[in-house]
Amino acid sequence: MDPRSPVNPEEHPDETEHRDARRALPSVDRLARQVTGMAGDLPGWAARAGAREAVAAARAEMARSDPAGIDLATVQTAALTAARRLVAPQPRPVVNATGVVLHTNLGRSPLGAAAAAAAEAAAGYSDLELDLVSGRRGNRLGSLVDKLVLLSGAQAAYACNNNASALLLALDTLAGETATSGLREVIVSRGELVEIGGSFRVPDIMAKAGVRLVEVGSTNRTHLSDYERAIGPNTGMLLKVHRSNFEQSGFVAEVGLGELVGLGRERGIPVVEDLGSGTFVDLRARGLTTIPEETYVPSRVAMGADIVCLSGDKLLGGPQAGLIVGTAEAVNAMKANPLARALRLDKMGIAALDWVLTALLDDRLSEIPVVAQLLEPVDSLEARAKALGAALESVVGGKLDVVVATDCAPVGGGSVPGFELDTWVVELRGLRGASRLAGLLRAAPAPVVTRVRDDAVVFDLRTLGDGDAEAVEAAVQFALTQSA
Ligand SMILES: *Cc1c(COP(=O)(O)O)cnc(C)c1O
C-alpha cells in the first residue's frame, strides 16, 4: 500500500514539518457531517468513507507540495465525489454510441432479453444441480451441452466461466505435467503469441498452466515443417491461437487448422484452437460476405481439432463464458479435471447462455443484440440516422453543427481485426472541441459514449437502438446547459 495514503489517516501521526497545515484539515467525522449537509441523500457509511479518502488524499498532497495550497472547499468536493461514487450502482448503464458492437470497455456483448433468464435464475431457487425426476444430484449444465453439440456439430461440449479459463483448462488437461511425463511442451507459432486486452498473454497463461512453450516459425511466417521439426517425445499439444486484435499482411504465412490437425493425427498429439471469438450463425451467408470465415464455429469444428474454445460474450452474443467443443475424449478429460470446479460457470451465466443457444437454434436472431446489430442492413441505419439527425437539430437549435453521414466502424472486442462494418452516423461539432463535448455527454445523468474523430463527436447508429434516441437527445441537452 502507498504509505502516503493510509486507510485511516487518523491512526498515522503526522510528520512534524507539516503538522500545522494538517491540523487545519477537518477530522474525518467533521468532514463526513459536512458532506451529509451538502447532500442529505447520502448514507452515513458513504459520507464517512468519502471523507476518509479525501482527507488521506489531502494529506498525501500536502506531504508532496505546498501545505498552504489545500483549501477546504476542494477537500469537501473530493469527499462528496468519493461518497457519490460509492453509492452509484456498479457497473452503471451507458448508451453505446461508438458503433463498436463488442466494446471491451462497455461490457462486450449486451444480453438484451437473455438477461431476464439470468435474473430469474438468480432471484430464487432452481434445479441447478438437482434432477427433479429422480430427486438425485443433477448435471449443472444440463441440456446446455446438448445445444452446444447441436449448434457446433462437435461430438461433445462443455462451458466454463470465460475463454481464458477454457484455454487454461485445455492446457492443464491435455498437456499438463503428470507424475510420469514431466514438464510437457506445447508448440505455438511465433506469430500467434498474442496479448489480448486485460493482460491475457498466451506465453503467461502457458507458464501458469505448467507447460513449456515451444515457439516455432518467425513472427510473420510459420510453415508445417516448423511444427514437424519441433515435435519431440515431450510434445503434449499443437496449439493454434487466433490473432484476435491485430492483422498480419504482406510477406506472411501460417499453417491452417486443417493441416495442423493432419499433423497432430499422424503423430498422436492433440490439436487445440483458441478461436477467441466465434459464432454459430453463418454471418457470411446472411450478408456479411467479407467477415473472415474462421468466425463460423461449425467450420472450425469440421476440421477435426480435438478442442476449439471461444468466448461466450464476443461474436456469439451471450454472457461471459468459455465455450469448449471437440472430441468426446478431450472434452470429457477437461470436465473431469479438478481445475474445472474452480473455473465453473455460475447459474446466471448458465441461464443466459442457455437462453441464447435456444434462440440460435430457433433462429430468433433479432433477439440477440450482437447478432441483430451485426446484421442490420445499412439502409435501415440510414433511416435511423436521418431521424436522429433531425431530432438533434431541434435540440441544438443552431448552436451546434449537425451532419448525417456514412462511415465505417470496427466490430471490436478482440474479434475480427481489420474487418469493418459500413454504417451511418450523426456528427456533432461545436462547444469548444469534440473531446470536451464527448466528456460532457459522458457526464450526463444517462451517460452517452461516442466516437471522437477530428473535430466531431460521432453517434453511430449501428449500436444505438430505437430506445436510445431519447437518452442521446437528453445528453446533448445536458451538454448545452453545462456550457451555457
Ligand atoms: C478474447 C480472447 C481470449 C480471452 O477470452 P475471455 O472470454 O475474455 O476470457 C482468449 N483468446 C483469444 C484468442 C481471444 O480472442
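The structure under discussion appears in the preceding block.
Residues numbered from 1 in each chain as written. Predicted model: local features only at pLDDT ≥ 70, side-chain atom pairs only at ≥ 80, totals over all residues. Heavy atoms only, no water.

Let's talk about unusual backbone geometry
Part 1: A cis amide bond links Gln90 to the next residue, Pro91, at an omega of -5°.
Part 2: Its place among the elements puts Pro91 in the loop between helix H4 (72–87) and strand S1 (95–97).
Part 3: In this model, Arg108 sits at a positive phi of 50°, which is unusual for a non-glycine residue.
Part 4: As for its position among the elements, Arg108 is in the loop between S1 and helix H5 (114–123).
Part 5: Given the relative accessible area of 23%, Arg108 is considered partly exposed. (Helix = DSSP H or I, 4+ residues; strand = E, 2+ residues; numbered from the N terminus. Buried < 20%, exposed > 50% of the residue type's maximum accessible area, 1.4 Å probe, protein only.)

Brief notes about the sheet that holds strand S11 (residues 401–410)
Part 1: Within the open sheet, the 5 strands sit side by side as S1-S13-S14-S12-S11. Their pairing is mixed. What marks the edges here is a single partner per strand, and that holds for S1 and S11. Ignoring which end each strand starts from, the neighbouring axes of this sheet average 35° apart.
Part 2: Sheet topology note: the S11/strand S12 (residues 420–429) ladder contains 10 bridges and is antiparallel. Note on S12: the bridge partner recorded for Val404 is Val426.
Part 3: Contacting S11, S12 and strand S14 (456–460), helix H16 (residues 378–396) runs over the sheet at an angle of about 10° to S12.
Part 4: The sheet contacts of helix H18 (residues 469–483) involve S1, S12, strand S13 (448–453) and S14, and relative to S13 the element is tilted by about 70°. (Pairing = 2+ DSSP bridges. Axes fitted to C-alpha atoms, helices over the stretch in contact; angles between N-to-C directions. Contact = heavy atoms within 4.5 Å.)

Some words on a nonpolar patch on the surface
Part 1: A contiguous nonpolar surface patch, about 270 Å² in accessible area, is contributed by Trp45, Leu86 and Val87.
Part 2: Following the sequence through the fold, Leu86 ends up in helix H4.
Part 3: On the accessibility criterion, Leu86 (34% relative accessible area) is partly exposed. (Patch = residues over 30% accessible without salt bridge, like charges linked within 9 Å, V, L, I, M, F, W, Y side chains within 5 Å. Areas by Shrake-Rupley, 256 points an atom, 1.4 Å probe, with all protein chains shown as cover. Salt bridge = Lys/Arg side-chain N within 4 Å of Asp/Glu carboxyl O.)

Remarks on the packing of H5 against helix H14 (residues 347–362)
Part 1: Where H5 meets H14, the axes come as close as 8 Å, and the angle between the chain directions of the two elements is 145°. Helix-helix and strand crossings are classified by hand; for H5 and H14 the assignment is right-handed. In this structure, H5 uses Ala114, Ala117, Ala118, Ala121 and Ala122 to contact H14, whose residues at the interface are Lys347, Met348, Ala351, Ala352, Trp355 and Val356.
Part 2: Of the residues that constitute the contact of H5 with H14, the class distribution is 10 nonpolar, no polar and 1 charged. (Left-handed = near helix turned anticlockwise from the far one by under 90°. Nonpolar A, V, L, I, M, F, W, Y, C, P; charged D, E, K, R; others polar.)

Structural notes on the pattern of salt bridges
Charged atoms that come close allow side chains of opposite charge to pair.
Part 1: Throughout the structure, instances matching the rule amount to 28 salt bridges.
Part 2: Notably, a salt bridge pairs Lys240 with Glu254, separated by 2.7 Å at the nearest N-O pair. Of the two residues, Lys240 is situated in strand S7 (residues 235–241) and Glu254 in the loop between S7 and helix H10 (257–267); the sequence distance between them amounts to 14 residues.
Part 3: The class for Lys240 is buried, based on a relative accessible area of 5%.
Part 4: A residue is classified by how much of its surface remains accessible, and Glu254, at 44% relative accessible area, is partly exposed.
Part 5: The network of salt bridges with shared partners includes Asp407, Glu427, Arg429, Arg451, Arg453, Asp455 and Asp460.

Here's the deal with the environment of Pro93
Part 1: Among the secondary structure elements, Pro93 is positioned in the loop between H4 and S1.
Part 2: Distance from Pro93 to Leu130, taken between C-alpha atoms, is 35 Å for residues 37 residues apart in sequence.

Describing the state of the cysteines
Should the sulfur atoms of two cysteines be covalently bonded, the bond is a disulfide.
Part 1: Scanning all chains against the criterion turns up 0 disulfides.
Part 2: There is no disulfide at Cys309, and the cysteine sulfur nearest it, in Cys160, is 8.1 Å away.
Part 3: Taking the relative accessible area as the measure of exposure, Cys309 reaches 0% and is therefore buried. (Disulfide = S-S within 2.5 Å.)

Thoughts on the site of the ligand
Part 1: In the vicinity of the ligand lie 13 residues, with Arg108, Ser244, Asp274, Ser311 and Lys314 positioned nearest.
Part 2: For the ligand, the accessible surface in isolation is 380 Å², of which the surrounding protein chains cover 94%.
Part 3: For the shell around the ligand, the secondary structure elements donating two or more residues are helix H7 (163–175) and strand S8 (271–276).
Part 4: Within the shell around the ligand, the residues separate by chemical class into 3 nonpolar, 7 polar and 3 charged. (Near = heavy atom within 4 Å.)

Remarks on the sheet that holds strand S6 (residues 211–216)
Part 1: Taken in spatial order, the 7 strands line up as S2-S10-S9-S8-S7-S3-S6 in an open sheet, and their pairing is mixed. This sheet does not close on itself; its edge strands, each paired only once, are strand S2 (156–160) and S6. Neighbour-to-neighbour, the strand axes of this sheet turn through a mean angle of 25°, independent of strand direction.
Part 2: Relative to S7, strand S3 (residues 184–189) runs parallel, the two sharing 3 bridges. Each bridged residue has a counterpart across the sheet, and for Ile187 the counterpart in S7 is Leu238.

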